[in-house]
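# Commentary on secondary and tertiary structure
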Amino acid sequence: MSFPVSPPAPSAPPLSPARWLRIGLLLFAALTLALGLQALLLVHKEGELLSALTASRIGIAADEVEATFRRGAANGLTLAESRGIGRMLPRLAANDLDITAIQIFDPHGRVHFALGSPTPPEAATLAALLRSAGPWRRCDVGHPLYAGQPLRDEQGQLAGAVLFTVQSDALETRRLAARNATFERLGLTLIGVALALPPLLAAAAHLGRGVALRLRLLAAALVLACVSSLTLSLQALPGFSEQLAPALDAKALALGRFVAGRIDGALALGIPFEHLAGVEDYLGEILARHPEILSLHLDGAGRSLSARHPGPPGNAVDTPLARQPGAHVRVVTAGDVVARELRSLALDLAIVFIVAVVLFNETLGAILARDELAPASSRARLGRARLAVFLLILSEELTRAFLPLHIASLAPTGGAAVGLPISAYMLSFALFTLLAGSWAGRFGVSRLFAAGAALSVGGFLWAMAGTGYAAFIAARCTCAAGYAMGTMAMQQHFLGATAPGERTRALALYVGALQTAAICGSAIGGLLAERFGASTVFAGAAALGLLALAIQRFDDNPRSPAATLPAAPLRPVLARPRVWMPILGAALPAKLALAGFLFYLVPIALHAEGYGSSATGRALLLYFLLAAATNPVGAWLSDRFGWNRRLVIGGGLLIGAGGLAGLMGGPGALAVGIITLGIGTGLSAAPLQSMIGRDGPPALVLLRTGERLGAVAGPLFAGSLFGMLAYGGTMAAIGAVVLTAILVLALSSNRKDSAP
């Protein structure tokens, strides 16, 4: 990611007080957004930890149910015949007063044993529990906590499941106290930020005058963001420990009772305490399943056995053995649970502040546009237009990381049904890209962008309504139409607002806005979807679309007038091999790889490897970072040496070779594919546009249409292969297609590159 820095003119007058006030309010708004998201993440993490500890404690009781079932199954009993399970339910409920109901049911949902409410669970809850590979929990706001696990026999066959309903007043009280304390700390931190802003901006205005003002302001924003974030996080540490300590101790007590009960059961069979075998291995197995526990010890007369994780100790809870006087089980909690969990949040918090600083930078560029600090260039008029298109693109990129998994939850089947909404989106995008090219000349880019932004907002609101699979496809097609109209309008504006000698760099500025928005959107969207759900992300995307529309409508730049002549026809341009050969040989296969591999296959493959939407967002972030870093290099080489064709072919070869890495299999192959796709796309994107753009706007319309057709084919191609091959084989097939197409392009002509 690169921030454009413009050196101030030596005679430039200082900014007006009104301009400084706007910059200060902008910085405060960006930091408020970042710190607010940080507070929400901290609240969510604390609530998630409290719920997870409670569910894990209940899971110990579920282990007892499973052990009883397996003993019965080994003796030939079915789940319905395991009467011992029914007899143990009152004891389990008596040991944990938070348990309000227990249900044992078979794979068809029939309840065989129950305690408390006999009402069967919802079909969705039952299906999710039966699909889980191990302990399962669900904790929705305003609803009780559900915890359970499937019951499998010795051969691993699914026989049913046990479900606990937990209504813990103590848990809700602790979660509410944690939320209130976090937001109180947020308020105090924001007061500190407001007090620190005036002297910090004064320092940025008067110190380091040899450095561009924009860079000084960005440095001030980074300093204030880091200090305020660290302050809020350090304030959260004591509160985390205070809220989590009772839950940790309760889990240690439940685990001690469980282990003591199993040892007492062995002693009841007549095995002497000193001759108990396999205890250390058993303690190690138990410890491996409970990372919040530091160590387990069995101490008695003449015998001491233990299992331990490295780390600082927390509290110790002793449980005596009923059948061995003087012997006890000691459970020691881990003393670094809170610090460990906050470290796991560090990357997410860093992403939040990267996004905040990027938003500040883009908005700052719009504030300083056409100012004395801007370069004396036609590109200086594009500051607000870049911000508007940045926000529109950001609204769409928020959905990238989690969209295939969200579609999978709506689709009637897997495979092609998951890829269909993505392909329908791309097809709508391609169609409206083709139409928008002529509409921009007929109606003007300002009106076209406004219509596109409005359609995009409507599509996100429709998707947020969650009315089913077919409605979701229609909503995504609406978003695609708006996105195509908005981006094509701005592309025409960027081309029309610059001098001919700066056209490639103006296109790079446009592509840079796209890539910077993608850097922010993919990572923050995956994070928000994993923490708060898809509906929250769709709502945020709609809000960004509205903001993009407002900024574009308030832009005081001269608006592009409607053309009096019809747009140039496409057919003569399509007949030129120098246009359609790069489209078919480079643009279409590159977008096939982008949509089929990155947007479809990577989220599904990472989910299969056990990663969540946050990890998928970070994987997409890696791609966009590499593409953004290499895009200026490709643009400079294109302008300086005219290496358009060479860069396009080289980038395509790199993408294809990275796809073949799928033959290795595993997450490492995915990483190689993402890296090569990012570098190859970055090097070839601007040169490809420059090479085809020499034939005028109609050629660019055809380029965008070809790219979208490749994006339509990508998810369908990958989805059809994914049903037959593992993701590594699907990835290699995509790489082979790209390599074949780019080699055909390379061999199609020996004509040397010419400068644009």
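Residues numbered from 1 in each chain as written. Predicted model: local features only at pLDDT ≥ 70, side-chain atom pairs only at ≥ 80, totals over all residues. Heavy atoms only, no water.

To continue, consider empty space enclosed by the protein. Counted under the stated rule, the structure contains 7 cavities of 30 Å³ or more. Quantified by volume, the largest cavity comes out at close to 650 Å³. As for the largest cavity, its lining consists of 39 residues, and the residues nearest its centre are Lys591, Leu594, Thr681, Arg704 and Glu707. Looking at the lining of the largest cavity, the element that brings in the most residues is helix 16 (residues 577-608), giving 9 residues. Here the lining of the largest cavity is built from residues that sort into 25 nonpolar, 8 polar and 6 charged. (1 Å grid on protein atoms, 1.4 Å probe; cavity = no way out; pocket = protein on both sides within 12 Å on 5 of 7 lines; lining within 4 Å. Points joined across faces, edges and corners; volume = space filled by probe spheres on them. Helix = DSSP H or I, 4+ residues; strand = E, 2+ residues; numbered from the N terminus. Nonpolar A, V, L, I, M, F, W, Y, C, P; charged D, E, K, R; others polar.)

This part covers the packing of aromatic side chains. The description of an aromatic ring pair uses the distance of the two centres, along with the angle that the planes make with each other. Applying the stated criterion across every chain, the model contains 8 aromatic pairs. A ring pair is formed by Phe432 and Trp439, whose centres lie 6.3 Å apart and whose planes are at 65°; its orientation type is edge-to-face. Centroid distance Tyr623 to Phe624: 4.7 Å. Interplanar angle 70°. Geometry classified as edge-to-face. Comparing Tyr623 with Phe624 shows no difference in burial state: the two are buried. Site record: aromatic cluster; members linked through ring pairs are Phe402, Phe472 and Phe538. (Phe/Tyr/Trp six-rings, centres within 6.5 Å; stacked < 30°, edge-to-face > 60°. Buried < 20%, exposed > 50% of the residue type's maximum accessible area, 1.4 Å probe, protein only.)

Turning our attention to the pattern of salt bridges. Pairs can form between side chains of opposite charge whenever their charged atoms are close. Counted according to the given criterion, the structure contains 10 salt bridges. Of the charged contacts, one joins Glu64 and Arg91 as a salt bridge, the two residues approaching to 3.0 Å between their closest N and O atoms. Residue Glu64 is found in helix 1 (residues 17-74), and its partner Arg91 is found in helix 2 (residues 83-95); the two are separated by 27 residues along the sequence. Judged by relative accessible area, Arg91 falls into the partly exposed class, the value being 40%. Here Arg400 makes a salt bridge to Glu397, at a shortest N to O gap of 3.1 Å. On the basis of relative accessible area, Glu397 is assigned to the buried category, the value being 3%. (Salt bridge = Lys/Arg side-chain N within 4 Å of Asp/Glu carboxyl O.)

Let us look at the nonpolar core. With 150 residues, the main nonpolar core has Phe360, Phe390, Leu391, Phe597 and Leu598 as its most contacted residues. In terms of residues, this core owes the most to one element, helix 7 (residues 337-368), which gives 16 residues. In contact with Leu391, not counting residues within four places along its chain, are Leu359, Leu544, Leu547, Ala548 and Ile551. Counting 26 residues, the second largest nonpolar core, distinct from the first, contains Leu255, Val259, Ile286 and Val331. (Core = buried A, V, L, I, M, F, W, Y, C linked by side-chain atoms within 4.5 Å. Contact = heavy atoms within 4.5 Å.)

Before going further, it helps to examine the state of the cysteines. Using the criterion set out here, one finds 0 disulfides in the structure. Not part of a disulfide, Cys479 finds its nearest cysteine sulfur in Cys477, a span of 9.3 Å. Classification of Cys479 as buried rests on a relative accessible area of 0%. (Disulfide = S-S within 2.5 Å.)

Taken together, the 4 bridges between strand 1 (residues 99-105) and strand 2 (residues 111-115) define a ladder with antiparallel strand orientation. Paired with Ile102 across the two strands is Leu115, which belongs to strand 2. (Pairing = 2+ DSSP bridges.)

What follows concerns the pairing of strand 6 (residues 293-300). The pairing of strand 6 with strand 9 (residues 328-334) spans 6 bridges and is classified as antiparallel. When the sheet's bridge partners are listed, Leu298 is paired in strand 9 with Val329. The sheet contact formed by strand 6 and strand 7 (residues 303-308) spans 6 bridges and is antiparallel. In the strand pairing of strand 7, Leu298 is matched with Leu305. Between strand 6 and strand 7, which pair antiparallel and follow one another directly, the connecting turn spans 2 residues, one of which, Gly302, has a positive phi of 75°.

What follows concerns the environment of Ile60. Tracing the chain through its elements places Ile60 in helix 1. Taking the C-alpha atoms as reference points, Ile60 and Phe258, separated by 198 residues in sequence, lie 7.0 Å from one another. Setting aside anything within four residues of it in sequence, one finds Ile60 in contact with Lys251, Ala254, Leu255, Phe258 and His290.

With that settled, the discussion passes to the confidence of the model for the chain. With 88% of its residues at a pLDDT of at least 70, the chain reaches an overall mean of 81. Throughout residues 371-379 the model reports pLDDT below 50, and contacts reaching past four residues in sequence, or to other chains, amount to 24 contacts. Every residue in residues 558-566 is under pLDDT 50, and counting partners more than four places away or in other chains gives 13 contacts. (pLDDT = per-residue confidence, 0-100.)

Here we have 5 strands laid out as an open sheet, ordered 2-1-5-4-3, and antiparallel in their pairing. Bordering the open sheet on either side are strand 2 and strand 3 (136-139), each of which pairs with just one other strand. Neighbour to neighbour, the strand axes of the sheet diverge by 15° on average, direction disregarded. Of the strands in this sheet, strand 1, strand 2 and strand 5 (158-166) touch helix 2, which is tilted by about 25° from strand 2. The sheet contacts of helix 3 (residues 123-131) involve strand 1, strand 3, strand 4 (145-152) and strand 5, and relative to strand 5 the element is tilted by about 125°. (Axes fitted to C-alpha atoms, helices over the stretch in contact; angles between N-to-C directions.)

So, about the sheet that holds strand 7. Spatial strand order, 7-6-9-8: 4 strands in an open sheet with antiparallel pairing. The open sheet has two free edges, formed respectively by strand 7 and strand 8 (313-320), since each of these has just one partner strand. Each adjacent strand pair in this sheet contributes to an overall mean axis angle of 15°, direction not counted. Taken strand by strand, helix 5 (residues 213-268) contacts strand 6, strand 8 and strand 9, and its axis lies near 150° from that of strand 9. Contacts between helix 6 (residues 279-288) and the sheet are confined to strand 6 and strand 7, with strand 7 contributing the most and set at about 30° to the helix.

What follows is about a nonpolar patch on the surface. There is a patch of nonpolar side chains on the surface, built from Leu188, Ile191 and Leu195 and spanning about 340 Å² of accessible area. Along the chain, Leu188 turns up in helix 4 (residues 169-206). Residue Leu188 is classed as exposed on the basis of its relative accessible area, which comes to 56%. (Patch = residues over 30% accessible without salt bridge, like charges linked within 9 Å, V, L, I, M, F, W, Y side chains within 5 Å. Areas by Shrake-Rupley, 256 points an atom, 1.4 Å probe, with all protein chains shown as cover.)

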